[in-house]
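Chain and residue survey
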Amino acid sequence: MFKFLKEKLKGWISKAEKPETEELPEKPEKKDKEDKKKDKSEKHIQKSKKDTKRQEQKANKKEEELQIQQEEIVNETKEEKFYPVKEGKDKEEKPKQLFSLFKKKLTEEKFEELFQDLELILLQNNVALEVVDKIKSDFKNNLIGEDLAKINLKQKLKESIEEILVSPPDFLNEIKQTLSVKKPFIITFVGINGVGKTTTIAKVADFLTRQKLSCCLAAADTYRAASIEQLQKHADNLKIPIIKKDYGTDPASVGFDAIQYAKKHHIDIVLIDTAGRMHTKDSLMKEIEKISRVAQSDMKIFIGESITGNDAIEQAKSFDEAIGLTGIILSKADVDEKGGTAISVGYITKKPILFLGTGQDYKDLEVFDKYKFIESLGLS
Ligand code: GDP
């Protein structure tokens, strides 16, 4: 899950935090010292040939020797200062020490260069442009002018993503609280065909049943006979009631009937499946709005595919505009190596991700935990 993005971010952080060796003070090389020594001895030979200036030469030689000794002392001191000889892991601390020694600040120019790579990584991994801009402005505000040695890019990225992700409400608690004053609790699910909608509704039903809450399903996608059959199969597997009508009947009436059934049989929660032909179609949105209004839904949940990036975000926006979403479930997160949809969809719609679908079995539904998600990106 989210492997590509995790690896790319790790690579970017380690590349960005690598010291700029070309700007470091040159470490004096041994060769210089040897050359100086060689020069010194050549000079000495030449000088020694001139008997008449022997005294002078001796004086010069002494002076040069003294100079070399002084230079050696200075160089050794520099070496110790920049590359202190310590044991074990201290070796890794050299770059930071060098940065702190020079107190180099992150300039705007250097920041742009640094961010360019990150921008590309984020965009290539389905992070929406709006979200990339937000991360950039967070970085800019916090990092420009900062001492390079003190900048912790991983921490900054973590903080920025943490702020971007909308904190999910306590799903179960909200349901239980409402159930104490109103029963049944009604959840309408929306999303386009093929994203894993019926499977996800079944997973939610299984999740709630395991919490000792009784559920029934409403097959309100009356436009597809296959979808009614599919939901029926899940209901059979989970041994929960399903309320369905003939193909082509008014979907709002299916929701209504399911609620009456739940009231009669003291069922806690009604889960309504809806059609999802094309999210851009006005008629579909009107129909879903009608189902939700007639049913007086307590929650309206959008189901989208984690792998589709901007498509899922655009779909979520359309449904939110039409019916006002409560939250989001991203299916197929198990096969999403990018993770950008999960980072972006909540920020753009301002709606929390409630669950991630993590496989094809009923148990493959994880309550979305933003800290766990950040951890899965290698940023904890
Ligand atoms: P619908 O047309 O939107 O109702 O989609 P379905 O519920 O029929 O699911 C379409 C396919 O996606 C099926 O093969 C599901 O098993 C699969 N699927 C659903 N959710 C997940 C998930 O979280 N992970 C994976 N890997 N597959 C899923």
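Criteria and cut-off values
- Residues numbered from 1 in each chain as written.
- Predicted model: local features only at pLDDT ≥ 70, side-chain atom pairs only at ≥ 80, totals over all residues.
- Heavy atoms only, no water.
- 1 Å grid on protein atoms, 1.4 Å probe; cavity = no way out; pocket = protein on both sides within 12 Å on 5 of 7 lines; lining within 4 Å.
- Points joined across faces, edges and corners; volume = space filled by probe spheres on them.
- Helix = DSSP H or I, 4+ residues; strand = E, 2+ residues; numbered from the N terminus.
- Nonpolar A, V, L, I, M, F, W, Y, C, P; charged D, E, K, R; others polar.
- Core = buried A, V, L, I, M, F, W, Y, C linked by side-chain atoms within 4.5 Å.
- Buried < 20%, exposed > 50% of the residue type's maximum accessible area, 1.4 Å probe, protein only.
- Contact = heavy atoms within 4.5 Å.
- Near = heavy atom within 4 Å.
- Polar contact = N/O pair within 3.5 Å; in protein donor to acceptor, adjacent residues only side chain to side chain.
- Areas by Shrake-Rupley, 256 points an atom, 1.4 Å probe, with all protein chains shown as cover.
- Sits in = over half its atoms within 2 Å of the grid points.
- Phe/Tyr/Trp six-rings, centres within 6.5 Å; stacked < 30°, edge-to-face > 60°.
- Lys NZ or Arg CZ within 6 Å of the ring centre and 35° of its normal.
- Axes fitted to C-alpha atoms, helices over the stretch in contact; angles between N-to-C directions.
- Parallel < 35°, antiparallel > 145°, perpendicular 65-115°, else oblique.
- pLDDT = per-residue confidence, 0-100.
- Left-handed = near helix turned anticlockwise from the far one by under 90°.

1. Considering the layout of surface pockets
Of the pockets and cavities examined, the second largest pocket occupies roughly 190 Å³. In terms of lining residues, the second largest pocket is bounded by Val195, Gly196, Thr199, Thr200, Lys203, Ser331, Lys332, Asp334, Val335, Gly357, Gly359 and Gln360. Per-element tally for the lining of the second largest pocket: the top contributor is helix H9 (residues 197–210), with three residues. A class-by-class count of the residues in the lining of the second largest pocket yields two nonpolar, seven polar and three charged.

2. Thoughts on the nonpolar core
Of all hydrophobic cores here, the largest spans 87 residues; its most connected members are Phe139, Phe171, Ile175, Ile187 and Leu208. Among residues more than four places away in sequence, those in contact with Leu208 are Phe171, Leu172, Ile175, Leu213, Cys215, Ile269 and Leu271.

3. A short note on the site of the ligand
Among the 17 residues in the neighbourhood of the ligand, the closest are listed as Gly194, Lys197, Thr198, Thr199 and Gln230. Within the side chain of Gln230, an N or O atom sits 2.2 Å from an oxygen atom of the ligand. Burial of the ligand by the protein amounts to 80% of the accessible area it has alone, namely 580 Å². When atoms are counted within 2 Å of each cavity's grid points, the one that captures over half of the ligand is the second largest pocket. At four residues, the largest contribution of residues to the shell around the ligand is made by H9. Considering only residue class, the shell around the ligand consists of two nonpolar, 10 polar and five charged.

4. Observations regarding the packing of aromatic side chains
Enumeration according to the criterion identifies nine aromatic pairs in this entry. Each ring, one from Phe207 and one from Phe355, has its centre 5.1 Å from the other, and the planes form 75°; the classification is edge-to-face. Here Phe355 lies in strand E7 (residues 353–357) and Phe207 lies in helix H9, a separation of 148 residues in the sequence. Side by side, Phe207 and Phe355 carry an identical accessibility label, which is buried. With centroids separated by 5.6 Å and ring planes inclined at 45°, the aromatic side chains of Phe368 and Phe373 adopt a geometry described as tilted. Through successive ring pairs, a cluster of aromatic residues spans Trp12, Phe111, Phe115 and Phe139. For the cation-ring pair, Lys350 lies above Tyr347, with the distance from its terminal atom to the ring centre recorded as 3.9 Å.

5. Quick look at the packing of helix H6 (residues 129–143) against helix H14 (residues 340–349)
Put simply, H6 and H14 touch, their axes get as near as 9 Å, and they point 90° apart. Between H6 and H14, the angle falls in the class roughly perpendicular. On H14, the residues touching Glu130, Val131 and Lys134 of H6 are Ile343, Ser344, Tyr347 and Ile348. By residue class, the composition of the contact of H6 with H14 is four nonpolar, one polar and two charged.

6. As for the confidence of the model for the protein chain
For the protein chain, per-residue confidence averages 83 on the pLDDT scale, and 77% of positions sit at 70 or higher. Low confidence marks residues 21–29, where pLDDT is under 50. Its contacts with residues over four positions away, or in another chain, come to seven contacts. Low confidence marks residues 72–102, where pLDDT is under 50. Its contacts with residues over four positions away, or in another chain, come to 25 contacts.

7. Some remarks on empty space enclosed by the protein
Across all of its chains, the model carries one cavity of 30 Å³ or more by this definition. Taken as a whole, the largest cavity spans an internal volume of roughly 30 Å³. Looking at which element gives the most residues to the lining of the largest cavity, the answer is H14, with three residues. By residue class, the composition of the lining of the largest cavity is six nonpolar, one polar and no charged.

8. Points about the environment of Val195
On the secondary structure map, Val195 appears in the loop between strand E1 (185–190) and H9. On the basis of relative accessible area, Val195 is assigned to the buried category, the value being 2%. Residues Val195 and Gly304 lie 109 residues apart in sequence; the distance between their C-alpha atoms is 5.9 Å. Other than its neighbours up to four places away in sequence, Val195 contacts Ile303, Gly304, Glu305, Ser331 and Lys332.

9. Here we look at the packing of helix H5 (residues 108–124) against H6
H6 packs onto H5 with a crossing angle of 150° between their chain directions and a minimal axis gap of 11 Å. With respect to H6, the element H5 is oriented roughly antiparallel. Crossing handedness for the pair H5 and H6: right-handed. For the pair H5 and H6, contact is made by Glu108, Phe111, Glu112, Phe115, Leu118, Glu119, Leu122 and Leu123 and by Leu129, Val132, Ile135, Lys136, Phe139 and Lys140, respectively. Split into classes, the residues belonging to the contact of H5 with H6 amount to nine nonpolar, no polar and five charged.

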